[in-house]
Structures are given as C-alpha cells and as structure tokens.
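One-letter residues, chain by chain:
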Amino acid sequence: MKSDSTIVSYSSCGLSYTAFKDKANNKMKVRIDATFDPSKSWKHPIKTKNLNINHEQGHFDIAEIYARKLRKEFLENVKTEKDYQLKFKLIYQVMYGEFLDYQNYYDNITKRGTNAEKQNELDEEIKAQLKKLERYKN
C-alpha cells in the first residue's frame with residue numbers, strides 16, 4: 001500500500017467482537033468495538049504537512065458507525081446462543097463487507113482527503129450517522 005504515491009497517510013481501523021454466554025440469565029452477550037491500530041497506521045511526514053488530517057479520523061468514525069450498527073443488530077436479533085450461531089455471525093459478515101465498502105467509498109469520493117469540499121460533505125454525513133446511532137454508543 002505504501003508504494004501507491006497517492007496515499008499520504010493510512011489508518012488501520014477495524015471492528016472486533018467478543019461473545020460470551022451470561023450464565024446468570026442464560027443469554028448471549030457481546031462486546032463490539034471499533035478498533036485503531038497505531039502500529040499499522042502512518043502518515044507521510046512531508047506530504048501531510050498541509051493536508052487536513054481529519055480524513056483519517058473519518059476512517060475511525062466509520063468503524064464506530066459500524067460498531068454501533070452491529071450493537072443495534074445484536075440487541076434486536078440475538079437473545080440465545082442459537083440466535084448467535086444462526087444470525088449474528090452472518091450479520092457480522094454482511095456488516096463487515098458494508099464497512100469495507102464504505103471505507104473505500106470514503107477514500108474514493110474524498111480523493112483520500114484531498115478534495116476538501118467532498119471531505120466536508122462526508123464529515124457531516126458521518127457526524128449525522130453517529131448522532132443517529134448515539135443510543136448504541138459503547
């Protein structure tokens with residue numbers, strides 16, 4: 001990826017979850033997180049000097065949107081271990097694919113943060129989605 005001269009920064013963001021059965025009430029529980037890995041993230045020291053670096057924050061915010069969507073889906077659809085096995089794993093796979101698609105869309109539309117107008121538009125769209133899903137904030 002670093003060999004592509006149009007990429008001047010990169011954020012390693014993703015989604016993770018841990019599921020467990022609550023023995024007290026025999027229900028499935030899950031912890032869903034948006035993740036950021038600083039050891040796999042970087043920025044070009046010179047090319048990013050005048051670049052609005054909030055583009056990389058947008059990548060993490062997109063991960064948070066999808067973490068919230070997954071929390072919502074879990075709360076609405078998973079009550080038992082069987083639900084978890086039959087529903088949640090599939091929901092996760094579908095949502096993870098949507099998450100990756102949105103990350104690519106975000107980079108393409110904003111020209112990796114270099115199109116200020118589109119960057120501002122998507123910043124607002126992302127803020128609106130986070131607000132809409134506020135109830136599912138971790």
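Whatever comes next refers back to the structure up there.
Rules of the game
- Residues numbered from 1 in each chain as written.
- Predicted model: local features only at pLDDT ≥ 70, side-chain atom pairs only at ≥ 80, totals over all residues.
- Heavy atoms only, no water.
- Helix = DSSP H or I, 4+ residues; strand = E, 2+ residues; numbered from the N terminus.
- Buried < 20%, exposed > 50% of the residue type's maximum accessible area, 1.4 Å probe, protein only.
- Contact = heavy atoms within 4.5 Å.
- Areas by Shrake-Rupley, 256 points an atom, 1.4 Å probe, with all protein chains shown as cover.
- Salt bridge = Lys/Arg side-chain N within 4 Å of Asp/Glu carboxyl O.
- Lys, Arg positive; Asp, Glu negative; His and termini not counted.
- Polar contact = N/O pair within 3.5 Å; in protein donor to acceptor, adjacent residues only side chain to side chain.

Q: Quick question: what am I supposed to make of the overall build of the protein chain here?
A: Counting its regular elements, the protein chain contains three helices and four strands. Evaluated residue by residue, the protein chain yields a buried proportion of 38% over its 138 residues. Look at the contacts in the protein chain between residues 6 or more apart in sequence, and 70% of them connect residues 24 or more apart. As displayed, the protein chain offers around 8,800 Å² of accessible surface, 51% of which is attributable to carbon and sulfur atoms.

Q: Sorry, what's going on with the pattern of salt bridges here?
A: A pair can form between side chains of opposite charge whenever their charged atoms are brought close. For the structure shown, the criterion picks out nine salt bridges. For lysine 72, the salt bridge goes to glutamate 76, with nearest N and O atoms at 3.0 Å. Note that lysine 72 and glutamate 76 are positioned in helix 1 (residues 54-77) at a spacing of four residues, about one turn of the helix. On the basis of relative accessibility, which here comes to 26%, the residue lysine 72 falls in the partly exposed class. Overall, the relative accessible area of 44% leaves glutamate 76 in the partly exposed class. A salt bridge links glutamate 121 to lysine 118; the shortest N-O distance between them is 3.5 Å. Residue glutamate 121 and its partner lysine 118 are both found in helix 3 (residues 116-132); the two are separated by three residues, about one turn of the helix.

Q: It is not clear to me how the side chain of aspartate 123 should be interpreted in this structure. Could you clarify?
A: Positionally, aspartate 123 belongs in helix 3. One buried charge, aspartate 123, has no salt-bridge partner; the nearest side chain with opposite charge is lysine 127, at 6.2 Å. Engagement of the side chain of aspartate 123 in a polar contact is seen with the side chain of glutamine 119, the distance being 2.8 Å. Once you skip the residues sitting within four places of it in the chain, aspartate 123 turns out to touch Asn54 and Tyr106.

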